[in-house]
Amino acid sequence: MKIYLSILFLFLSSFVFSQVVDEGDLEKGLQQGKEIKPSIKLYKIYTLEKDTTFADTSMSLKNEYKYNYLRKDIFGLLPFANEGHTYNTLNFGLVHKSILPSFGFTAKHFNFLEARDIKYYSVPTPFTELYYKTVMEQGQSLDAFLTINTKPNLNFSIAYKGLRSNGKYINNISSTGNFRFTTSYFTKDKRYFLNAHFTAQDISNQENGGIINTDLFESSEDPYNERDRLDVYFKDATSLLKGNRIFLDHSFKLNKNNPNSLIFTHQFNYQYKFFEFTQPTISNRFGASFSNNINNKTRYNNMYNKVGVGYKTKKFGDLEFFIDDTNYNYYYNSVVYDNSGNILVPNSISDRINMVGGNYTYFAKKLIAKLEISQAITNQSISNIEATAKYTINSDYKFEFQYQKLNSLPNLNFYLYQSGYVDYNWANNFKNEKLNQFSFSALTKWLNASVQYKVLNDHLYFDNTTNDITKLTVKPVQYDKTINYLSINANKEVKFWKFGLDVTLLYQKVDQSSEIVNVPELTTRSTLYFSDHVFKKAMLLQTGVTFQYFTEYFANDYNPLIGEFYVQNEKKIGNFPMFDFFVNARIKQARIYLKAEHFNSAMTGYNFYSAPNYPYRDFMVRFGLEWNFFK
């Protein structure tokens, strides 16, 4: 119900504000004797780093790849059977670490928008975008967005993404919501800039633990071709990740006329999260329990402040020094005692971290280079060095180099976790994780390619200590040896007449003493498509076939109790083709999508999995649209 109320609100808001703005535009247009139609490049979208793009209403292959629940290209991610559930990570290069400890429960955060994911806007007229897509069973996926500039220097946006999908398996319902509100403001003399947002997000999944008998799935004989006939491990387990955030980023330039001036910056971020796992009926799969009803709830709040002073110059770049303060609490409502009455597992971790650092950015005609260094001045011994350089020859040739040396604190659920299951209680003291990373990318008219090389030390991961796929005793483990990771990614799109072929190849190699970081050696996606205008150029039609594949490997498995993937070396998945057939159409600002997903599933065998015991998606036909309104 809340999804439809949000859609109705955005429609009404768009209508009301369009009347206000259009009347002013109409009066101005009448005075000038012409109708005003702002350029699409005036509808700006930008990030905190001031990377700017424009509203995109085109029908392109890039937009086809982004037409999904996460609203981005998910090459390197393997979705689970139901929309709104988690993703297995095929591309280890997508795994990023932060210098500060995060909440953890990473398998539940793919659709959780962090502060860096929020976009800000500047538009000449109200701009609305509606996204709709059918789901697996009895539900829908909707994303509605509206942004307006009440003044040229003041913008507001409001958006809500909601999903409900029953799925095809027992106990597999997904229900999620992402509310966003943003505002941007700058003074007329452009000395003061402000970006702020508020988010309220909840991600709820029924957790079935996967199917028990994979042989029945792989045979898919009647009645097991109806997926709700397959027995699953958990019939009444549910996970919920919920969080709110208030964010503010603003700056003030001391001198309004001189391009060489001091600038003062401040960033504030407060967020509260909790992860809850409930299971009224206990399962032997997780071992012994303290009670007959599992209700695990982990809470977390974090307040972050960063204050900086910089000096901007026109010729020599920008220099900034900053100090930040992080104060967090990660906690439960009880403690765990051993048989002697001593505290075995405490109920909280609280800490304060202060860091100092600086960054320097140099701008030349074709070069942008940036160096950032930060170091803790409290007793956590963490540090980060990042260097980037972007060199643009012209629109056909762009090159980028990145280096990072990171000494970071582990996620908090590695340190502390409490559960109603006996084996899922721990309090640890781990070393900092260390990372050295090099990456280089080249975008040319001949080929787009990137290389990434990582060196990991004291890497933390979750492992099933029983080494039995039917019994899960998953605990955090720290690897005391070095892991070397290499990836090479190449992409090329070739167009001939009205046809196009887009090919992406990812090669990965890991050098390690034990199988800790497991990745498929080869991952690929290829799309052959046809596009042309039809109906006297009133419609742009695009149709084609997408092929995806990854080689067989020991994929990480999913543990819903802790909301994490864990390392396993008992069962391989992969080596199955995935073919999708799509027909897309664009009529003015409306884009219509129709796709037959994994249509080869019955022809190439039912050995497709997103994780051991978790099947990938069967063949299904899905429909949806994206619609933009500019007033």
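Chemist: Outline the overall build of the protein, supporting the account with residue identities and numerical values.
Modeler: The secondary structure content of the protein amounts to 5 helices and 37 strands. Against the globule reference of 25 Å for 631 residues, the protein gives a C-alpha radius of gyration of 26 Å, in line with a compact fold. Overall size of the protein, expressed as C-alpha extent along the three principal axes, is 80 × 65 × 50 Å. Partitioning the intrachain contacts of the protein with sequence separation of at least 6 by distance along the chain shows that 65% fall at a separation of at least 24.

Chemist: Give a description of the pattern of salt bridges that names residues and reports values.
Modeler: In total, this model carries 22 salt bridges according to the counting rule given. A salt bridge links arginine 617 to glutamate 83, with the nearest nitrogen and oxygen atoms 3.0 Å apart. Taken together, the positions of arginine 617 in the loop between strand E36 (614-615) and strand E37 (620-629) and glutamate 83 in the loop between strand E3 (77-79) and strand E4 (87-89) put the pair 534 residues apart, joining distant regions of the chain. We note that arginine 617, like glutamate 83, is buried. If you follow the salt bridges from partner to partner, you end up with Arg71, Glu129, Asp143, Arg180, Arg591 and Glu626 in one network.

Chemist: Could you give an account of the sheet that holds strand E2 (residues 52-54), naming the residues involved and the relevant values?
Modeler: In a beta sheet, neighbouring strands pair by backbone hydrogen bonds and run either parallel or antiparallel. One open sheet holds the 3 strands; their spatial order is E2-E1-E5, and the pairing between them is antiparallel. Here the strands that pair on one side only, and so sit at the sheet edges, are E2 and strand E5 (120-122). Recorded for the sheet is a direction-independent mean angle of 30 degrees between the axes of neighbouring strands. In this sheet, E5 lies alongside strand E1 (residues 44-46) in antiparallel orientation, the contact comprising 3 bridges. Across the sheet, residue isoleucine 45 finds its bridge partner in E5, namely tyrosine 121.

Chemist: Before we move on, could you go through a nonpolar patch on the surface and cite the residues and values that matter?
Modeler: A surface patch of nonpolar side chains, amounting to about 1000 Å² of accessible area, comprises Phe252, Leu254, Leu262, Phe264, Val309, Tyr311, Phe316, Leu319, Phe321, Tyr360 and Tyr362. Going through the elements one at a time, strand E12 (261-279), strand E13 (294-312), strand E14 (318-331) and strand E17 (348-363) are the ones with two or more residues in the nonpolar patch. With respect to the secondary-structure elements, leucine 254 resides in the loop between strand E11 (237-253) and E12. Relative accessible area serves as the criterion here: at 45%, leucine 254 is assigned to the partly exposed category.

Chemist: Please give an account of the packing of aromatic side chains that cites residues and values.
Modeler: As enumerated under the stated definition, the model contains 53 aromatic pairs in all. Residues phenylalanine 80 and tyrosine 558 carry aromatic rings whose centres are separated by 5.8 Å and whose planes lie at 80 degrees to one another, so their mutual orientation is edge-to-face. Taken as a pair, phenylalanine 80 in the loop between E3 and E4 and tyrosine 558 in strand E31 (residues 557-559) lie far apart in primary sequence, 478 residues in all. As far as the burial class goes, phenylalanine 80 and tyrosine 558 line up, both buried.

Chemist: Which residues make up the environment of methionine 539, and what are the values?
Modeler: Summarising the element assignment, methionine 539 is placed in strand E30 (residues 539-550). In contact with methionine 539, not counting residues within four places along its chain, are Asp532, His533, Val534, Ala585, Arg586 and Ile587.

Chemist: Please give an account of the nonpolar core that cites residues and values.
Modeler: In terms of nonpolar packing, the biggest core is built from 55 residues, with Phe286, Tyr330, Ile382, Tyr417, Tyr424, Leu561 and Ile562 touching the most fellow members. Not counting residues up to four positions away in its chain, the partners in contact with phenylalanine 286 are Phe234, Phe277, Gln279, Tyr421, Asp423, Tyr424, Leu472, Asn559 and Leu561. Counting 17 residues, the second largest nonpolar core, distinct from the first, contains Ala81, Phe550, Phe608 and Tyr616.

Chemist: Outline the confidence of the model for the protein, listing residues and values.
Modeler: Of the residues in the protein, 94% reach a pLDDT of 70 or more, and the chain-wide mean stands at 92. In the model, residues 7-27 has pLDDT below 50 throughout and makes 23 contacts with residues more than four positions away in sequence or in other chains.

Chemist: Please give an account of the pairing of strand E27 (residues 483-496) that cites residues and values.
Modeler: Direction of pairing for strand E24 (residues 448-457) relative to E27: antiparallel, over a ladder of 9 bridges. By the bridge assignment, valine 455 is partnered in E27 with asparagine 484. Where E27 meets strand E28 (residues 499-511), 13 bridges bridge the pair, whose relative direction is antiparallel. Following the sheet pairing, alanine 490 is matched in E28 by leucine 505.

Chemist: Tell me what's going on with the environment of phenylalanine 619, and back it up with residues and numbers.
Modeler: Within the secondary structure, phenylalanine 619 is located in the loop between E36 and E37. Along the chain, phenylalanine 619 and alanine 364 lie 255 residues apart, while their C-alpha atoms are 52 Å from each other. Setting aside residues no more than four positions away along its own chain, phenylalanine 619 makes contact with Ala596, Glu597, His598, Phe599 and Ser601.

Chemist: Could you give me a rundown of the environment of tyrosine 616, with the residues and numbers involved?
Modeler: By the secondary structure assignment, tyrosine 616 is in the loop between E36 and E37. The residues contacting tyrosine 616, other than those within four sequence positions of it, are Leu78, Pro79, Ala81, Tyr169, Phe576, Met578, His598, Phe608, Tyr609 and Ser610.

Chemist: Describe empty space enclosed by the protein, with residues and values.
Modeler: By the definition in use, this model includes 5 cavities of 30 Å³ or more. Computed from the structure, the largest cavity encloses a volume of approximately 460 Å³. Listed by contribution, the elements that provide at least two residues to the lining of the largest cavity are helix H2 (61-66), E3, strand E29 (522-534), E30, strand E33 (578-587) and strand E34 (590-597). Residue contributions to the lining of the largest cavity peak at 4 residues, all from E30. Considering only residue class, the lining of the largest cavity consists of 14 nonpolar, 7 polar and 10 charged. Phe80, Ala81, Asn82, His85, Tyr169, Asn172, Asn208, Gly210, Ile211, Asn613, Tyr614 and Pro615 together form the lining of the second largest cavity.

Chemist: Before we move on, could you go through unusual backbone geometry and cite the residues and values that matter?
Modeler: Generally, phi is negative for residues other than glycine and the peptide bonds are trans, each holding for most cases. Residues aspartate 222 and proline 223 are joined by a peptide bond in cis, for which omega reads 10 degrees. With respect to the element layout, proline 223 can be found in the loop between helix H3 (214-219) and E11. Positioned with a positive phi, lysine 50 is a non-glycine residue whose angle comes to about 70 degrees. Secondary-structure assignment places lysine 50 in the loop between E1 and E2. The partly exposed category is assigned to lysine 50, whose relative accessible area is 47%. Although it is not a glycine, asparagine 613 adopts a positive phi angle of roughly 75 degrees. Mapping asparagine 613 onto the fold places it in the loop between strand E35 (609-611) and E36.

Chemist: A description of the side chain of asparagine 269 should follow, citing residues and the corresponding values.
Modeler: Looking at the secondary structure, you find asparagine 269 in strand E12. Leaving out residues up to four positions away in the same chain, asparagine 269 has contacts with Ala115, Arg245, Ile246, Phe247, Asn302, Met303 and Tyr304.

Criteria and cut-off values
Residues numbered from 1 in each chain as written. Predicted model: local features only at pLDDT ≥ 70, side-chain atom pairs only at ≥ 80, totals over all residues. Heavy atoms only, no water. Helix = DSSP H or I, 4+ residues; strand = E, 2+ residues; numbered from the N terminus. Rg over C-alpha atoms; globule rule 2.2 N^0.38 Å. Contact = heavy atoms within 4.5 Å. Salt bridge = Lys/Arg side-chain N within 4 Å of Asp/Glu carboxyl O. Buried < 20%, exposed > 50% of the residue type's maximum accessible area, 1.4 Å probe, protein only. Pairing = 2+ DSSP bridges. Axes fitted to C-alpha atoms, helices over the stretch in contact; angles between N-to-C directions. Patch = residues over 30% accessible without salt bridge, like charges linked within 9 Å, V, L, I, M, F, W, Y side chains within 5 Å. Areas by Shrake-Rupley, 256 points an atom, 1.4 Å probe, with all protein chains shown as cover. Phe/Tyr/Trp six-rings, centres within 6.5 Å; stacked < 30°, edge-to-face > 60°. Core = buried A, V, L, I, M, F, W, Y, C linked by side-chain atoms within 4.5 Å. pLDDT = per-residue confidence, 0-100. 1 Å grid on protein atoms, 1.4 Å probe; cavity = no way out; pocket = protein on both sides within 12 Å on 5 of 7 lines; lining within 4 Å. Points joined across faces, edges and corners; volume = space filled by probe spheres on them. Nonpolar A, V, L, I, M, F, W, Y, C, P; charged D, E, K, R; others polar.

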